[in-house]
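The chain contents come next:
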Amino acid sequence: MRQLAQPFIAITVISFMLIYVVSHLNSAQGYSGENTLTVYNWGDYVDPDLIEKFEQETGVKVIYQTFDSNEAMMTKVKQGGTTFDIAVPSEYAISKMREEKLLKPIDHSQVPNLKYINPRFLNLSFDPKNEYSIPYFWGTVGIVYNPEMIKGKEITSWNDLWDKDLENQILLADGAREVIGMGLNSLGYSLNDTNKKHLKEAKEKLDRLTPNIKAIVGDEIKMLLANEEAAVGLVWSGDASEIMGENEKLDYVVPEEGSNLWFDNMVIPKTAKNVKGAHQFINFMLEPEHAAQNAEYVGYSTPNEKALDYLPKDVANDERFYPGEALTKKLEVYDNLGKEMLAYYNELFLEFKMHRK
Ligand code: N2P
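Description of the structure in this document. This structure is a prediction, so every number in the text was calculated from the model and none was measured.

## Thoughts on the nonpolar core
Among soluble globular proteins, nonpolar side chains are generally buried collectively. The biggest cluster of nonpolar side chains holds 114 residues, and the ones touching the most others in it are L161, L172, M182, V232, M266 and F281. The dominant element in this core, judged by the number of residues it contributes, is strand β5 (residues 133-145), at eight residues. Of the residues that make up this core, three or more belong to each of domain 1 (31-133 + 267-316) and domain 2 (139-261 + 324-355). When neighbours within four sequence positions are excluded, L161 is seen to be in contact with I143, I155, L166, I170, M182, L209, N212 and V232.

## Some remarks on empty space enclosed by the protein
Overall, the coordinates contain four cavities of 30 Å³ or more when judged by the stated rule. For the largest cavity, the calculated volume is near 310 Å³. In terms of lining residues, the largest cavity is bounded by 29 residues, among which W42, D68, S69, W236 and Y300 are the most central. Secondary-structure elements contributing two or more residues to the lining of the largest cavity are α3 (70-79), α5 (176-186), α7 (221-226) and β10 (261-269). In terms of residue count, the dominant contributor to the lining of the largest cavity is α5 (three residues). Partitioning the lining of the largest cavity into residue classes produces 12 nonpolar, seven polar and 10 charged. Per-domain counts for the lining of the largest cavity show at least three residues from each of domain 1 (31-133 + 267-316) and domain 2 (139-261 + 324-355). In this structure, the second largest cavity spans a volume of roughly 70 Å³. Considering the residues around the second largest cavity, the lining is formed by I117, P135, Y136, F137, M266, M285, L286, A291, N294, T302, P303 and N304. Going through the elements one at a time, β5, α9 (275-286) and α10 (288-298) are the ones with two or more residues in the lining of the second largest cavity.

## Looking at the pattern of salt bridges
Throughout the structure, instances matching the rule amount to 16 salt bridges. A salt bridge links D174 to K353, with the shortest nitrogen-to-oxygen separation between them at 2.8 Å. A residue pair is termed long-range when its members are at least 10 positions apart, and D174 in the loop between β6 (170-173) and α5 and K353 in helix α13 (residues 339-356) qualify at 179 residues. Accessibility expressed as a relative area gives 29% for D174, which makes it partly exposed. Beyond isolated ion pairs, a larger network of salt bridges with shared partners links D44, K222, D239 and E242.

## Some details on the site of the ligand
Neighbouring the ligand are the residues W42, G43, Y45, S90, D219, W236, W262, D264 and Y300. Here a nitrogen atom of the ligand sits 3.0 Å away from a polar atom, N or O, in the side chain of D219. Assessed atom by atom at 2 Å from the grid points, the ligand resides in the largest cavity. Across the shell around the ligand, the residue classes tally to five nonpolar, two polar and two charged.

Parameters at a glance
- Residues numbered from 1 in each chain as written.
- Predicted model: local features only at pLDDT ≥ 70, side-chain atom pairs only at ≥ 80, totals over all residues.
- Heavy atoms only, no water.
- Core = buried A, V, L, I, M, F, W, Y, C linked by side-chain atoms within 4.5 Å.
- Buried < 20%, exposed > 50% of the residue type's maximum accessible area, 1.4 Å probe, protein only.
- Helix = DSSP H or I, 4+ residues; strand = E, 2+ residues; numbered from the N terminus.
- Domains from an automatic or database assignment.
- Contact = heavy atoms within 4.5 Å.
- 1 Å grid on protein atoms, 1.4 Å probe; cavity = no way out; pocket = protein on both sides within 12 Å on 5 of 7 lines; lining within 4 Å.
- Points joined across faces, edges and corners; volume = space filled by probe spheres on them.
- Nonpolar A, V, L, I, M, F, W, Y, C, P; charged D, E, K, R; others polar.
- Salt bridge = Lys/Arg side-chain N within 4 Å of Asp/Glu carboxyl O.
- Near = heavy atom within 4 Å.
- Polar contact = N/O pair within 3.5 Å; in protein donor to acceptor, adjacent residues only side chain to side chain.
- Sits in = over half its atoms within 2 Å of the grid points.

Printed below as a string of structure tokens:
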């Protein structure tokens with residue numbers, strides 16, 4: 001009897017262990033059910049206290065994962081290996097994801113807090129009726145710089161970055177459209193240019209910036225600039241605001257040749273399992289006090305009109321981070337240039353990165 005029982009017990013124990021491990025692996029990969037919600041967002045793009053508050057209020061456990069480019073996010077959602085319930089793409093990516101049928105429609109009756117969003121951020125061309133996306137943050141792309149480190153020179157244009165005095169002083173955010181866009185804008189071309197001759201010209205001009213580029217980096221760009229490891233950075237506006245909060249010497253400028261105006265919206269990817277939880281999450285983030293808390297924490301600009309009442313006046317009135325409509329008219333929103341053209345932008349960006357090595 002003992003001889004028979006031992007292997008039986010061993011097999012039972014091993015089976016239970018396997019079941020335990022597999023079920024935990026599943027949740028680690030974001031296999032959401034009723035009680036979990038897998039959120040896929042940019043790095044440093046939410047106040048973790050809000051996630052905790054959401055979990056307490058709803059009893060839903062949030063599995064939080066991050067990405068650092070629209071391209072990386074889209075690839076992962078497309079692969080379908082992870083069941084993301086929420087993602088936060090930028091406008092051209094939303095348009096592309098709609099085209100590729102990667103999104104679920106959003107039921108506005110479950111998002112009553114949508115009324116707090118300033119209409120200026122609704123019904124934009126990438127999602128004309130906000131059928132698939134709800135505003136999260138918005139902003140610009142520009143240059144953060146340390147006047148002391150560049151001998152008091154003023155930076156007002158993209159072309160200022162090619163100054164020989166800036167050798168090894170520039171950090172770039174790791175974004176294909178941002179970097180290629182800088183090349184295009186500096187030549188007076190549109191951020192949505194599809195003329196390959198112009199694009200090559202932009203890439204060659206960027207190659208000539210190489211001696212001035214110290215590194216192309218992710219979210220650590222904030223820490224590096226605040227610690228004065230470099231004098232100049234190509235950044236998204238909210239990162240600039242956070243950096244300037246850390247180091248008051250720094251300033252942010254949207255270059256005079258033009259730049260990018262972007263919108264990051266919450267979407268429900270096709271892979272979502274917890275659609276109800278996804279709607280709850282969207283509505284929770286739109287609660288004016290939550291939107292204000294989130295904006296203060298991450299440094300980005302909220303599209304939530306009512307949330308502005310909860311923000312310090314000097315933040316909400318800062319034209320550098322809350323540019324009015326007159327100023328934003330001069331800026332360009334990225335278009336969905338189509339699969340092939342977007343791939344071409346990425347290819348040029350990769351070649352540019354290789355050129356540096
Ligand atoms: C947050 C980056 C936000 C990117 N770290 C703007 N689309």
